[in-house]
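The chain contents come next:
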Amino acid sequence: MANAVCRGQSITGSRERRISHAGGVLAERSRATLSRVSTNLSAGGAVDRPRLHVATEEIPDPGRLSGLLPEPGALAWIRRGEGMIAFGEVARHKATSIAEAEQWWRETSAQVVVDRGLDGDEPAGAGFVAFGSFCFDHDNTPSESVLIIPQVVIGRRGGRAWRTTISNVGGDDWPSEDGPAAGAGALPVQSPGAVSFADGKLSGPEWESMIGETVRRINAGKLGKVVMARELLALAANPIDPRWLVARLAADYPACWTYHVDGLVGATPEMLIRRESGLATSRVLAGTIRRSDDADHDLALAAALSQSSKDLQEHEYAVDSVARALAPYCSGMNVPDAPYVLELPNVLHLATDVTAVAGPDASSLAMAAALHPSAAVCGTPTDAARATIAELEQLDRNRYTGPVGWIDADGDGEWAIALRCGRIDPDDPRQIRLYAGCGIVAESDPAAELAESVAKLVPMRDALGS
Ligand SMILES: C=C(O[C@@H]1C=C(C(=O)O)C=C[C@H]1O)C(=O)O
């Protein structure tokens, strides 16, 4: 990816450095005089682009990342204790498509001045990054996709921890000292209090009959698979603080990617595309069984899942769609012949990890644009499945089942599929919509699919404290 990052370049004048402790995290404020390295860019003269200054430094282990979120709007990306949290906002891009956001990021990151970075091999993400969350279907939602450039990022990966500060060259030299600090001095996290649940537009039985109609359409011959989702409305006594949910999800689902971007909170097991140092990986999930409380029984369930023709077919559609979409961007693709069983605390999934060598211009977001929507969340053939969802599902999916994740200036990044999540109502933060969907194929049984959706809602229900 084109990258005009100039580390240690274009900095003149003295630098004053002050280290202070904020919740065990070293905060630094530096003053530097920047010589102008670029003129303010506007794409086709239409869009004002921020001209940004980025500094990253190594910090001591900051402790539990989910404990560092200073305010409810802070961004989170955590898996097995590693990842990034971020706060403050330097720029927010309302994207009309994933491809358009990729273009915006490519042009914006080409204008960045990088003052300092980490010594040696930097972990992906230790530098200029944006976090994003995209709609499932831009044509069928009033809501918007976003790419957010934060002011401060704290990350931990592979035994190293860092802090990145991003500031607008056109504005103040550095983020205001009054801005939020991670950890100490942060706004306290409030429990949601008592939570009640209600069906979304469709009740359970109505959803089952909608699934019955989907199965009929599939059997009529034009569709192979359609993923149908439902929502559950949760109403809490207090405003729902995403940090409450992030902390619980990250602790209870360490193998999943726990995220919070702009009110969308969840812990997803499905990785649409991860790109790091030229290697692309995608974890495809499709085919699900609810776990029991008994380990031996779970073993039998796992064996049944890996031999279920209905689940294997559903899985095959999803893997095919990913391999086909990825092929133009990659070489040396490896697609395992058979899936393995991924165990989560609530469900078992059939899983396939596809790996490939990414082409030099294939950023993580460019590949996400090509992959979305995969048959894991939409169906096969894509256009017919998407139209069937729009016609029958009666749900505004919003950003549920869209890509969620982050990208860095080299195009590396992680874009998961926003599953096992909820969206806090921006107009009434006591309300959150929880979503769960199921892949429907010719052999699907509506009652079993409803039960599967109930199992998929468990992580968010538990995180809310019910
Ligand atoms: C749509 C969801 O999950 C998708 C559907 C699956 C299935 O039907 O087996 C499994 C994983 C996901 O690809 C969801 O969790 O909401």
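Residues numbered from 1 in each chain as written. Predicted model: local features only at pLDDT ≥ 70, side-chain atom pairs only at ≥ 80, totals over all residues.

- Taking an unreviewed UniProt entry as the reference, the protein is identified by name as isochorismate synthase belonging to Microlunatus elymi.
- The record in UniProt for the protein states the following under Sequence similarities (unreviewed entry): "Belongs to the isochorismate synthase family."
- According to its UniProt record, the protein has this under Catalytic activity (unreviewed entry): "chorismate = isochorismate". (UniProt positions renumbered as here; feature names shortened; annotations may be inferred.)

### Overview of unusual backbone geometry
And step 1. With an omega of 0°, the peptide bond running from His372 to Pro373 counts as cis.
And step 2. Within the fold, Pro373 resides in the loop between helix H6 (364-371) and strand S23 (379-380).
And step 3. Unusually for a residue other than glycine, Asp262 sits at a positive phi of about 55°.
And step 4. Structurally, the position occupied by Asp262 is in the loop between strand S16 (257-261) and strand S17 (264-268).
And step 5. The class of Asp262 is buried, set by 22 C-beta atoms lying within 10 Å.
And step 6. Residue Thr401 is not a glycine yet carries a positive backbone phi of 70°.
And step 7. Relative to the helices and strands, Thr401 is located in the loop between helix H7 (382-392) and strand S24 (403-408). (Helix = DSSP H or I, 4+ residues; strand = E, 2+ residues; numbered from the N terminus. Buried ≥ 20, exposed ≤ 12 C-beta atoms within 10 Å, placed from the backbone.)

### Focus on the site of the ligand
And step 1. Among the 19 residues in the neighbourhood of the ligand, the closest are listed as Leu285, Thr288, Ala376, Gly437 and Gly439.
And step 2. At five residues, the largest contribution of residues to the shell around the ligand is made by strand S27 (residues 431-440).
And step 3. Partitioning the shell around the ligand into residue classes produces ten nonpolar, six polar and three charged. (Near = placed C-beta within 6 Å. Nonpolar A, V, L, I, M, F, W, Y, C, P; charged D, E, K, R; others polar.)

### Observations concerning H7
And step 1. When H7 is considered as a whole, its buried residues turn out to be Ala385, Thr388 and Ile389. Summarising the axial view, the buried residues of H7 lie within an arc of 100°, below the 170-degree limit, and thus occupy one face. Exposed side chains of H7 directed beyond 90 degrees from the buried face belong to Asp383 and Glu391.
And step 2. Buried positions along H7 lie against helix H2 (204-219), strand S15 (225-236) and S23.
And step 3. The positive-phi residue at the C-terminal boundary of H7 is Gln394, with phi of around 55°. (Arc of directions from axis to C-beta. Contact = placed C-beta atoms within 7 Å.)

### Quick notes on the packing of H2 against helix H8 (residues 446-464)
Helix packing for two helices is described by the angle between their axes and how far apart those axes are.
And step 1. Running from N to C, H2 and H8 cross one another at 125°; their axes reach a closest spacing of 9 Å. Between H2 and H8, the interaxial angle falls into the category oblique. Crossing hand, H2 versus H8: right-handed. Here H2 contributes Gly204, Trp207, Glu208, Ile211 and Gly212 to the contact with H8, which in turn contributes Pro446, Ala447, Glu449 and Leu450.
And step 2. Here the contact of H2 with H8 is composed, by residue class, of five nonpolar, two polar and two charged. (Axes fitted to C-alpha atoms, helices over the stretch in contact; angles between N-to-C directions. Parallel < 35°, antiparallel > 145°, perpendicular 65-115°, else oblique. Left-handed = near helix turned anticlockwise from the far one by under 90°.)

### Here we look at the environment of Gly158
And step 1. Considering the arrangement of structural elements, one finds Gly158 in the loop between strand S12 (152-157) and strand S13 (160-168).
And step 2. Counting along the chain gives 35 residues from Gly158 to Pro123, while the straight-line C-alpha distance between them is 7.6 Å.

### Brief notes about the domain arrangement of the protein
And step 1. Looking at the assigned domains, one finds that the protein contains domain 1 (11-168) and domain 2 (195-257 + 270-464).
And step 2. Listed by partner, the interface residues are 33 residues for domain 1 and 35 residues for domain 2.
And step 3. Residue assignment for the side of domain 1 that touches domain 2 shows that the elements contributing at least two residues are strand S6 (75-79), helix H1 (98-109) and strand S10 (129-133).
And step 4. Element by element, the count of residues in the side of domain 1 that touches domain 2 is highest for H1, at six residues.
And step 5. For the side of domain 1 that touches domain 2, the class distribution of residues is 20 nonpolar, nine polar and four charged. (Domains from an automatic or database assignment.)

### A few points about helix H5 (residues 309-326)
And step 1. End to end, H5 covers 26 Å across 18 residues, agreeing with the expected 26 Å (1.5 Å per residue, within 8%).
And step 2. Residues Asp311, Glu314, His315, Glu316, Tyr317, Ala318, Val319, Ser321, Val322, Ala325 and Leu326 constitute the buried set of H5. (Expected span 1.5 Å × (residues − 1).)

### Describing the UniProt feature "domain: Chorismate-utilising enzyme C-terminal" (unreviewed entry) in the protein
And step 1. When the UniProt feature table is mapped onto this chain, "domain: Chorismate-utilising enzyme C-terminal" (unreviewed entry) is found at residues 205-456.
And step 2. With 35% helix and 35% strand, the stretch residues 205-456 has end C-alpha atoms that lie 18 Å from each other.

### Some points on the nonpolar core
And step 1. Counting 127 residues, the largest nonpolar core has Ile85, Leu326 and Met367 as the members making the most contacts within it.
And step 2. Both domains that furnish three or more residues to this core are identified here as domain 1 (11-168) and domain 2 (195-257 + 270-464).
And step 3. Residues within four places of Ile85 in sequence aside, it is in contact with Leu65, Leu68, Leu69, Ala74, Leu75, Ala76 and Ile154. (Core = buried A, V, L, I, M, F, W, Y, C linked by C-beta atoms within 7 Å.)

### Brief notes about the packing of H1 against H6
And step 1. Interhelical geometry of H1 versus H6 gives an angle of 170° and a closest axis separation of 8 Å. Considered as vectors, H1 and H6 are oriented roughly antiparallel to each other. Across the interface between the two elements, Ile98, Ala99, Ala101, Glu102 and Trp105 of H1 pack against Leu365, Ala366, Ala368 and Ala369 of H6.
And step 2. Along the lines of polarity and charge, the residues of the contact of H1 with H6 split into eight nonpolar, no polar and one charged.

### Brief notes about the environment of Phe131
And step 1. Within the secondary structure layout, Phe131 lies in strand S10.
And step 2. Sequence spacing of Phe131 and Pro345 is 214 residues, and the spatial spacing of their C-alpha atoms is 27 Å.
And step 3. If sequence neighbours within four positions are ignored, Phe131 has contacts with Leu75, Trp77, Ala86, Ile148, Pro150, Val261 and Trp406.

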